[in-house]
Amino acid sequence: MAAAGSRSPRCGAPCGLLTVLIFSFAVEACEKVILNVPSKLEADRMVGRVNLKECLRSADFIQSSDPDFRVLADGSVFTASTVVLSDEKRSFTIRLSDRKTQMKKEMIVFLEHQKKLLKKRHTGETVLRRAKRRWAPIPCSMQENSLGPFPLFLQQVLSDAAQNYTIFYSISGRGVDQEPLNLFYIERDTGNLYCTRPVDREEYDVFDLIAYASTADGYSADLPLPLPIKVEDENDNHPVFTETIYNFEVPESSRLGTTVGVVCATDRDEPDTMHTRLKYSILEQRPRSPGLFSVHPNTGAITTVSHHMDREVVDKYTLIMKVQDMDGQFFGLISTSTCIITVTDSNDNAPTFRQNTYETSVDENAHNVEILRIPIEDKDLMNTENWRANFTILKGNEYGHFRITTDKATNEGILYVEKPLNYEENRQMILEIGVNNEVPLTREVIRVTSMNRALVTVHVRDQDEGPECIPASQYVRIKENSAVGSKMNGYKAYDPENKNSNVLRYKKLHDPKDWISIDEISGSITVSKTLDREAATPKNDLYNITVLAIDQEGRSCTGTLAVNIEDVNDNAPEILQDYLVICKPKMGYMDISAVDPDEPIHGAPFQFSLANTSREIHRLWTLNKVNDTAARLSYQKNAAFQEYSIPITVKDRAGQSATKILRVNLCDCTHPSQCFLMARSTGITLGKWAILAILLGIALLFSVLLTLVCGIVSARKGKKFPEDLAQQNLIISNTEAPGDDRVCSANGFTTHTANNSSQGFCGTMGSGMRNGGQETIEMMKGHQTLDSCRGTGHHHTLDSYRGGHLDADNCRYTYSEWHNFTQPRLGEKLHVCNQNDGHISSPDYVLTYNYEGKGSPAGSVGCCSEKQEEDALDFLNNLEPKFLTLAEACTKR
């Protein structure tokens, strides 16, 4: 099966074979070209292509002699209008020229219409048989936006199987059973393919159909045949600018050829065809004159073609831009856009003064006051750096009396008096003032314009003023150590009105050392104390004295009298070091240095020498010069390890000398710090404050000891056996062995009775206080055993070792009560109870106590201390045998 072509939808008529015959040699090619074309040619149709480069390769101008045809740079020949060819040949000439070499050539093109001639077949000629056609696609195309008539026949599809079978044809694909639906259809029996309506190439540029051939019973006679149908483009889309309005800016001082901006357009037609070849141009410029801009026809770049742009004249231009397809040919489609170009400001206008001269006046001695405002004119854009002015005082302000600034709001120059003016010195001052902008002018303006200048005359008005201290600092020279009472010239001020100082009085305001006195009338100075240059502050500098000058009206001025104290050689050089450590044998020497507070003329170089001393020092030590201010102290190898006192004399260049004893420790060490540590450990000396602190501590200690001794002595003299001992409760002791005759008190001291017996008590006593000559003793009831009175003064009960709490509020008795009550009664009774009828000690005495727990089956002896029972003490005669041991202990002498 094959696709058979009939009428072409592009041409609308039978098309002949288009051939281009170009003779091979260059000269022949330029002479004649033959193109075979149909008899009718539609407008804007390609006729053929000629080889222009073989004729003239460097041609830059191409022209057709026939207006019905146009030739492009690639040699394509197009019709400019509809052309109908007659039987006669039609020709036209293509003129080629190279403008640089002035070479010209011509190429003649012949158009021929070939008719199909049917030749008679002679009897003897061989009959050509039809060859079997292939089932293959034949290129097919249709015109975009075709006018019909519809359905429009495109081509016929035939299958070779149709010679033997009845074949039915069908198609599928986009445009048939896919969107757009029913655009194409094929006749089932004939295979004729039709289009039902116009097609937009920009929407569908090609349709890939599939043709099928099958028999009546559904048998596929051939394989499916691809049928691509291309939609031929028509120039039906106008080029469109990417922006409706373009906005660009360009400085007014731009040079020729400066790119302002680029415009761009697009075309939906088929790319790389004449329909999308765009050309840009400027239709109109407003304002019209002069023409300042051009546009590149291919790129759309807008550039400047004149340097006469002036923002101050025209600050905005409007361009109507045109774009045309078909490479800008007159029949191409056109679109327009607006381009607004804003001319930005450049500093092409220099600021100028409105006047060349100005005058003003000011009172003398006034300062920081405004005296003049100077307006200027500048045509550049206001409130920009091209408009803002900078003022400069070019001449007349050598002493800095004036300053000038710019008012940011009005752009005026404001002239101020910075320092006071003196009418007596200058009654009139002339200033030259220049002005420019914050940024430099453009190059073109600088060549023809210089800085604008104006003269300002300032008149100084006289004022009645006080004395003047001019110069503010005056100098005088005085030798150091000058005699007290020496006089010399001092500070001088003057009255500017009469130019003298006779009516002025002087007063000293400040004198750091009070070395100088000043005469009130003449201002001369007198040395009141000996001057010491080395004691002056700052050292080696001027000694400043502040002086006040006063006129008759009380007006004053202040000045400084700078005294230069001339140095004399009144100071000997001094060695800086006092103590040296030299590690032997690692260190063979040590450098010493000296300073002299006098001026250098009375100072270095110094002379170092060992002073008159023992032969041993001269034998073991040597002194050598290192530089003008230092010497090197070296020892001999046989010098012993010890500390040496070496007297060294140092003398300055003027002969002033001083001797200093230098302590040198020749030490067996590797680093001097080791000897310093040993010196600290062996020879620590105490300062006077440390000794005073130690003495105060010793005195305090003695006072404490004296207080304690006095307390003990008084206790021994006044204390007797306490009265309330009998009232103490007898509780269980945790030890039953006999103890000594000591009594322990709460404060840790042993308490003795008045007769120096060792009978004591182990009760915990509080602090003792003397109240009316009596000592109050606090005892803890119920926490002492009888045996505790036999133990040492530091023996405590079981409860006290277990951390039991002791109540001290229930056992307070005075010492006299306790002694007076218990001594005569309890001692006597216990002595009797300690013996039996045979005056033999009770056998219970030798028994040891066992732990009895809390409480005692024998009851308490606290009843013995009940004062209310003084007359009923018969119970003591009936004590149990176990009480005899306690009685013996308490009455033991």
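Residues numbered from 1 in each chain as written. Predicted model: local features only at pLDDT ≥ 70, side-chain atom pairs only at ≥ 80, totals over all residues. Heavy atoms only, no water.

(A) Just the overall build of the protein, in detail. Counting its regular elements, the protein contains 9 helices and 54 strands. For the protein, the proportion of its 893 residues judged to be buried stands at 39%. For the protein, contacts bridging at least 24 residues in sequence account for 67% of all contacts bridging at least 6. (Helix = DSSP H or I, 4+ residues; strand = E, 2+ residues; numbered from the N terminus. Buried < 20%, exposed > 50% of the residue type's maximum accessible area, 1.4 Å probe, protein only. Contact = heavy atoms within 4.5 Å.)

(B) View of the pattern of salt bridges. One pass over the structure, following the stated rule, counts 29 salt bridges. A salt bridge links Arg 403 to Glu 418; the shortest N-O distance between them is 2.5 Å. Taken as a pair, Arg 403 in strand 33 (residues 402–406) and Glu 418 in the loop between strand 34 (413–417) and strand 35 (428–437) lie far apart in primary sequence, 15 residues in all. Judged by its relative accessible area of 32%, Arg 403 is partly exposed. Overall, the relative accessible area of 32% leaves Glu 418 in the partly exposed class. (Salt bridge = Lys/Arg side-chain N within 4 Å of Asp/Glu carboxyl O.)

(C) Representation of the environment of Leu 372 within the structure. Note that Leu 372 resides in strand 30 (residues 369–374). With relative accessibility at 13%, the residue Leu 372 sits in the buried group.

(D) Just unusual backbone geometry, in detail. With omega at 0 degrees, the peptide bond leading from Phe 150 into Pro 151 counts as cis. In this fold, Pro 151 is placed in the loop between strand 12 (140–143) and strand 13 (152–158). Cis peptide bonds are those with omega within 30 degrees of zero, and the linkage from Glu 179 to Pro 180 qualifies with -5 degrees. Along the polypeptide, Pro 180 turns up in the loop between strand 14 (167–173) and strand 15 (184–186). The backbone phi angle of Asp 272 is positive, close to 60 degrees, even though this residue is not glycine. Position of Asp 272 relative to the elements: it lies in the loop between strand 22 (265–266) and strand 23 (279–286). Although it is not a glycine, Asn 368 adopts a positive phi angle of roughly 55 degrees. Tracing the backbone shows Asn 368 in the loop between strand 29 (357–363) and strand 30.

(E) Main features of the pairing of strand 33. Alternating residues of strand 33 divide into Phe 402, Ile 404 and Thr 406, all buried, and Arg 403 and Thr 405, none buried. The pairing of strand 33 with strand 34 spans 5 bridges and is classified as antiparallel. Opposite Thr 405, over in strand 34, you have Ile 414 as the bridge partner. In textbook terms, the turn of a hairpin is the stretch between consecutive antiparallel strands, and for strand 33 and strand 34 this stretch comprises 6 residues, one of which, Asn 411, has a positive phi near 65 degrees. (Pairing = 2+ DSSP bridges.)

(F) Broad picture of the sheet that holds strand 7 (residues 69–71). The sheet built from 3 strands is open, its strands ordered 5-8-7 with antiparallel pairing. Because the sheet does not close on itself, it has two edges, and the strands there are strand 5 (46–49) and strand 7. Each neighbouring strand pair of the sheet contributes to a mean axis angle of 20 degrees, computed without reference to strand direction. Of the strand pairs in this sheet, strand 5 and strand 8 (residues 76–79) are connected by 3 bridges, and their pairing is antiparallel. Paired with Arg 49 across the strands is Ser 76, a residue of strand 8. (Axes fitted to C-alpha atoms, helices over the stretch in contact; angles between N-to-C directions.)

(G) Summary view of the state of the cysteines. Throughout the structure, instances matching the rule amount to 3 disulfides. Sulfur-sulfur distance for the disulfide between Cys 583 and Cys 669 comes to 2.0 Å. Because the sign of the S-S torsion sets the handedness, a value of about -95 degrees for the bond joining Cys 583 and Cys 669 places this disulfide among the left-handed ones. On the criterion of sequence distance, the pair formed by Cys 583 in strand 45 (residues 579–583) and Cys 669 in the loop between strand 51 (657–667) and helix 5 (672–682) is long-range, its members being 86 residues apart. Residue pairing for Cys 667: its cysteine sulfur links by disulfide to Cys 675, the two sulfurs lying 1.7 Å apart. Taking the sign of the S-S torsion, -100 degrees for the link of Cys 667 and Cys 675, the bridge is left-handed. A disulfide-free cysteine, Cys 140 has its sulfur positioned 9.8 Å from the sulfur of Cys 195, the nearest such atom. Judged by its relative accessible area of 10%, Cys 140 falls in the buried class. (Disulfide = S-S within 2.5 Å.)

(H) Spotlight on the packing of aromatic side chains. Per the counting criterion, the structure on display carries 14 aromatic pairs. Here Phe 69 and Phe 92 contribute two aromatic rings whose centre-to-centre distance is 4.8 Å and whose plane-to-plane angle is 10 degrees, an arrangement assigned as stacked. With Phe 69 in strand 7 and Phe 92 in strand 10 (residues 90–98), this pair connects stretches of sequence that are 23 residues apart. Assessed through its relative accessible area of 3%, Phe 69 is described here as buried. Between Phe 353 and Phe 391 the ring centres are 6.2 Å apart and the planes differ by 50 degrees, which places this aromatic pair in the tilted class. With Phe 353 in strand 28 (residues 352–353) and Phe 391 in strand 32 (residues 389–395), this pair connects stretches of sequence that are 38 residues apart. The same class applies to Phe 353 as to Phe 391, namely buried. Three or more aromatic residues joined by ring pairs form one cluster here, namely Phe 241, Tyr 246, Phe 248 and Tyr 280. Here the basic side chain of Arg 188 rests over the ring of Phe 168, its NZ or CZ set 3.6 Å away from the ring centre. (Phe/Tyr/Trp six-rings, centres within 6.5 Å; stacked < 30°, edge-to-face > 60°. Lys NZ or Arg CZ within 6 Å of the ring centre and 35° of its normal.)

(I) Spotlight on a nonpolar patch on the surface. The grouping of Ile 691, Ile 694, Leu 695, Ile 698, Leu 700, Leu 701, Phe 702, Val 704, Leu 705 and Leu 708 at the surface amounts to a nonpolar patch, some 950 Å² of accessible area in total. With respect to the helices, strands and loops of the structure, Leu 705 is situated in helix 6 (residues 688–718). (Patch = residues over 30% accessible without salt bridge, like charges linked within 9 Å, V, L, I, M, F, W, Y side chains within 5 Å. Areas by Shrake-Rupley, 256 points an atom, 1.4 Å probe, with all protein chains shown as cover.)

(J) View of the sheet that holds strand 32. Spatially, 29-36-35-32 is the arrangement adopted by the 4 strands of the open sheet, whose pairing is mixed. Here the strands that pair on one side only, and so sit at the sheet edges, are strand 29 and strand 32. In this sheet, neighbouring strand axes are inclined to one another by 30 degrees on average, regardless of whether the strands run parallel or antiparallel. In terms of strand pairing, strand 29 meets strand 36 (residues 452–461) through 7 bridges, oriented parallel. Bridge pairing in strand 36 links Tyr 358 to Val 456.

(K) Representation of the nonpolar core in the model. With 30 residues, the main nonpolar core has Phe 608, Trp 621, Ile 646 and Ile 648 as its most contacted residues. Every element with two or more residues in this core is listed here: strand 45, strand 46 (589–595), strand 47 (607–610), helix 4 (615–620), strand 48 (621–627), strand 49 (630–635), strand 50 (642–651) and strand 51. Residues Leu 152, Val 176, Val 199 and Phe 207 belong to the second largest nonpolar core, which totals 26 residues. (Core = buried A, V, L, I, M, F, W, Y, C linked by side-chain atoms within 4.5 Å.)

(L) Main features of the confidence of the model for the protein. Of the residues in the protein, 71% reach a pLDDT of 70 or more, and the chain-wide mean stands at 75. Per-residue pLDDT, averaged within each element of the protein, yields its smallest value for strand 2 (residues 20–22) (31) and its largest for strand 19 (residues 240–241) (96). Here residues 4–29 scores under 50 on pLDDT; set against residues more than four positions off or in separate chains, the count is 42 contacts. Between residues 719–812, whose pLDDT stays under 50, and residues either more than four places distant or in other chains, the model counts 228 contacts. (pLDDT = per-residue confidence, 0-100.)

(M) Representation of the environment of Lys 316. Within the secondary structure, Lys 316 is located in strand 26 (residues 316–324). Residue Lys 316 is classed as partly exposed on the basis of its relative accessible area, which comes to 46%. In the structure, Lys 316 is positioned 66 residues away from Val 250 in sequence and 9.8 Å away in space, judged by C-alpha atoms. Not counting residues up to four positions away in its chain, the partners in contact with Lys 316 are Arg 286, Pro 287, Ile 340, Ile 341 and Thr 342.

(N) Expanded view of the side chain of Gln 474. As for its position among the elements, Gln 474 is in strand 37 (residues 473–479). We classify Gln 474 as buried; its relative accessible area is 13%. When neighbours within four sequence positions are excluded, Gln 474 is seen to be in contact with Gly 490, Tyr 491, Lys 492, Thr 560, Leu 561 and Ala 562.

(O) Representation of the environment of Ile 646. If you trace the backbone, Ile 646 turns up in strand 50. With 32 residues separating them along the chain, Ile 646 and Ser 614 place their C-alpha atoms 9.6 Å apart. Residues contacting Ile 646, with those up to four places away along its chain left out, are Leu 610, Ile 617, Trp 621, Leu 633, Lys 660, Ile 661, Leu 662 and Val 664.

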